[in-house]
Amino acid sequence: MADPTKEESTAAQALAAEQDPTAQQNAQVLALLHSLFGEATFTDVHEPYGLLTVTTKREHIHRIVEGLQQDETLKFHFLTTMCGINYPENLNQELGMIYHLHSLVHNIRVRIKIFFPLADPVVPTLSDIYAAANWMEREAYDFYGIIFTGHPNLRRILNVEDMDYYPMRKQYPLEDGTREDKTDLFFGR
Amino acid sequence: MAVNDALAGTHKIVEEAREQQGGQLVPTLNDFSQELTTLNLGPTHPATHGIFQNILQMDGERIISGVPTIGYIHRAFEKIAERRPFYQITPLTDRMNYCSSPINNMGWHLTVEKLLGIQVPKRAQYMRVIMMELARIADHLICNSILGVDTGAFTGFLYVFQEREKIYEIYEEVCGSRLTTNMGRVGGMERDFTPVAIEKLRKWLKEFPTVMKEFEAMFNRNRIFMDRVVNVGPITAEKALNYGFTGPNLRAAGVDYDVRVMNPYSSYEDFEFDIPVGTNGDTYDRFIVRNEEIWQSLRIINQALDRLPEGPFHADAPHYYLPPKQAVYKNMEALIYHFKIIMGEIDAPVGEVYHSVEGGNGELGFYLVSDGGRTPYRLHFRRPCFIYYQAYSEMVVGTSLSDAIVILSSMNVIAGELDA
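In this report, the structure presented in the accompanying data block is examined. All residue numbers refer to position in the chain's written sequence, counted from 1. Chains and ligands are labelled sequentially in the order written, the chains with letters from A and the ligands with numbers from 1. Residue-level local features of this predicted model are given only where pLDDT is at least 70; pairs of side-chain atoms are given and counted only at 80 or more, and the full residue set underlies all totals for whole chains, interfaces and linings. Here the side-chain values reflect all heavy atoms present in the structure, with hydrogen atoms and water set aside.

A few words now on the overall build of chain A. The numbering of helices and of strands both runs from the N terminus, where a helix is a DSSP run of H or I of at least 4 residues and a strand a run of E of at least 2. A tally of regular secondary structure across chain A gives four helices and seven strands. Counted from the first residue to the last, chain A has its helices and strands arranged as α-α-β-β-α-β-β-β-β-α-β. Only protein chains enter the accessibility calculation, which uses a 1.4 Å probe. A residue is then buried if its area is under 20% of the maximum for its type, exposed if over 50%, and partly exposed in between. Within chain A, the proportion of its 189 residues that are buried is 47%. Residue contacts are defined here by distance: any two heavy atoms, one from each residue, within 4.5 Å place the two residues in contact. Counted over contacts in chain A with a minimum sequence separation of 6, partners at least 24 positions apart contribute 50%. The accessible surface values rely on the Shrake-Rupley method and a 1.4 Å probe; as for residues, cover is taken only from the protein chains in view. Working note: accessible area of chain A is about 10000 Å², and carbon and sulfur atoms make up 53% of it.

Listed below in structure tokens is the structure:
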């Protein structure tokens, strides 16, 4: 609940951002990303809650993550997590993957997003860069049907093998707990 | 799926054996030494500490490959969370790592507070630290004592299980429940520590070190125990990082990454403690690192309890923090907020936030995407078990079955956290 009386001027906010170490770090990382991969590669750059977030295209993701891991100054050795996401209303960008990387040396986190159409959910695998990516990609495949090319063993991981749909997509809403058209007649016999 | 299909190409010895037998795995009397055994370890085997299956291919006593199958208790928490208001997600987090559910609860509440921008008062933060460290001790006690059981030493387990019981009594005094604690609220704690709780805590802090010392004396330099665990299932620091290890398993390999120190939350920066690290990441190091962490957690609890500040135990956040029950009966505002919070009728701001805490097993992260509705648009749990368990199949190759059990035990794989 923001107090309107305590609202600061934009100049004060800019000054605070300048003195904020995370903002400075993020600016450094962003500059490095731009110099390594080109400015046009990244769109939609912002810092929600201090975490640098960039959106890129799926053609670049493997190159970017590999570059970040092998970069001598940044040393993003730690793939924190990755997960799929589904926005049914975004035409031709219905599915997405979100990657969180962490540089343990400098304690910088970065979040990278890619979006792609539901009809063509193909993304390059990262399991050749990080061994940790193996199961996380299987999980994303299991829940969103995202296909990772080059993955050594792309099978369902948490759900049963013979399932023929991808349950975390928004087209499968959870059942309304208050519905009354069902009978519990045979429940708990 | 056929077992042999799953194992196809997994290991060189299998390939060689297949070649020698002309593509058949059926042994003849001549190549009797080449007979491979397929052993299903689990899904429900007492030694697997939960429901997961390992299909081990064995050459005599030696494991030549292992294929883990998980998902037996998958409960679709991420999907269920998309329909639930923030408060109703707390019981879901309880059931992930059920050995240390307060940490999961606090992690979730910290994530929501980050999204909402709520400042929690110091007293509540210190109380959270105390509960989280208690949970960490309970988690490590279980892991280490069961490791003892798996190597054939039952006494240590009995010693420290009593202590876990006492920790659960403290939980009970603080929040009313023992295993799935549902502790804390968005904005602070559900209620203040009672004098009885503090008295119990102080008594336990005084008595526990003796038991812990006895436990350590029983194991740390025990010849039989060391024979079973030293150099069993070692993993290098590079490999551990590449596999996404966190927590005691990573620190045993020599990397001093601890979320509490690197990205302090809930006033961890106020306390003095060390990060114990191992050297070669074997089962023994994991055991020792957990034991040391128990001592460090005790240090933190002592500091927090001694310096417990006075003041409110929750933030002034009427939109999210339930009003006291007595006020609900007398005060219209309180009644309205109570109703709105219980029915989940308060919208969250738009935003996305990642917050992580140091769970019993490592970095427990919550990635929350809010589209401005009452429920998360997407909630992803970074479950440390899920990420590092995939290294297990590599760690067991070349060891024996009894080693495989010990490695699994020392990694502290919790089925609830693995599957979620």
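Next comes the rest of the description.
A few words on the overall build of chain B. In terms of regular secondary structure, chain B is built from 19 helices and eight strands. Using C-alpha atoms as the atom set, the radius of gyration is obtained and then compared with a globule rule of 2.2 Å times the number of residues to the power 0.38. For 420 residues, the compact-globule formula gives about 22 Å, and the C-alpha radius of gyration of chain B, at 24 Å, lands near that figure. Dimensions of chain B, computed from C-alpha atoms along their principal axes, come out at roughly 90 × 50 × 30 Å. The proportion of buried residues among the 420 residues of chain B is 59%.

On to the pattern of salt bridges, then. A side-chain nitrogen of Lys or Arg and a carboxyl oxygen of Asp or Glu constitute a salt bridge if their distance falls within 4 Å. The full count for this structure, using the stated rule, is 33 salt bridges over all chains. A salt bridge links A:Arg155 to A:Glu161, with the shortest nitrogen-to-oxygen separation between them at 3.1 Å. Given a relative accessible area of 47%, A:Glu161 falls into the partly exposed group. In this structure, B:Arg299 engages B:Asp274 in a salt bridge whose closest nitrogen and oxygen atoms are separated by 3.2 Å. With B:Arg299 in helix α13 (residues 283–306) and B:Asp274 in the loop between α12 (259–262) and α13, the pair connects residues that are 25 residues apart, well separated along the chain. Overall, the relative accessible area of 44% leaves B:Asp274 in the partly exposed class.

Here we take up the interface of chain B and chain A. Interface size is commonly expressed as the accessible surface area that is lost when the partners come together. In this assembly, 42 residues from chain B lie in contact with 52 residues from chain A. Across the chain B to chain A interface the summed buried area is about 4000 Å²; carbon plus sulfur atoms make up 59%. Note: buried area is the sum, over both parts, of the accessible area (probe 1.4 Å) each one loses when the two are combined. Among the residues of chain B in contact with chain A, B:Lys79, B:Glu352 and B:Tyr377 are the three that bury the most area, contributing 18% of the side total. Between chain B and chain A we count five salt bridges in total.

What follows concerns the nonpolar core. For this analysis, a nonpolar core means a set of buried residues of the types Ala, Val, Leu, Ile, Met, Phe, Trp, Tyr and Cys, connected via side-chain atoms within 4.5 Å. The biggest cluster of nonpolar side chains holds 157 residues, and the ones touching the most others in it are B:Met131 and B:Phe245. It is helix α6 (residues 122–150) of chain B that contributes the most residues to this core, 13 residues altogether. Not counting residues within four places of it along the chain, the set of residues in contact with B:Met131 comprises B:Pro102, B:Met106, B:Tyr171, B:Val174, B:Met183, B:Met189 and B:Phe193. Formed by ten residues, the second largest nonpolar core is a distinct cluster that contains A:Cys83, B:Tyr354, B:Tyr367 and B:Val369.

Glancing now at the packing of α13(B) against helix α18 (residues 401–411) of chain B. All names here are of chain B. Packing of α13 against α18 leaves a shortest axis separation of 9 Å and a crossing angle of 30 degrees. Compared by their axis directions, α13 and α18 come out roughly parallel. Crossing of α13 over α18 shows left-handed handedness. Within the contact between the two elements, α13 uses Thr 283, Arg 286 and Arg 290 and α18 uses Val 406, Ile 407, Ser 410 and Met 411. Gly is placed with the polar residues, together with every amino acid not listed as nonpolar (Ala, Val, Leu, Ile, Met, Phe, Trp, Tyr, Cys and Pro) or charged (Asp, Glu, Lys and Arg). Its residues assigned to classes, the contact of α13 with α18 comprises three nonpolar, two polar and two charged. Interaxial angles span 0 to 180 degrees and are taken between N-to-C directions of axes, which are lines fitted to C-alpha atoms, for helices over the stretch in contact. Every angle not falling under 35 degrees, over 145, or within 65 to 115 is termed oblique; those three ranges are roughly parallel, roughly antiparallel and roughly perpendicular. The hand of a helix crossing depends on one turn: near helix anticlockwise from the far one by less than a right angle means left-handed, and clockwise means right-handed.

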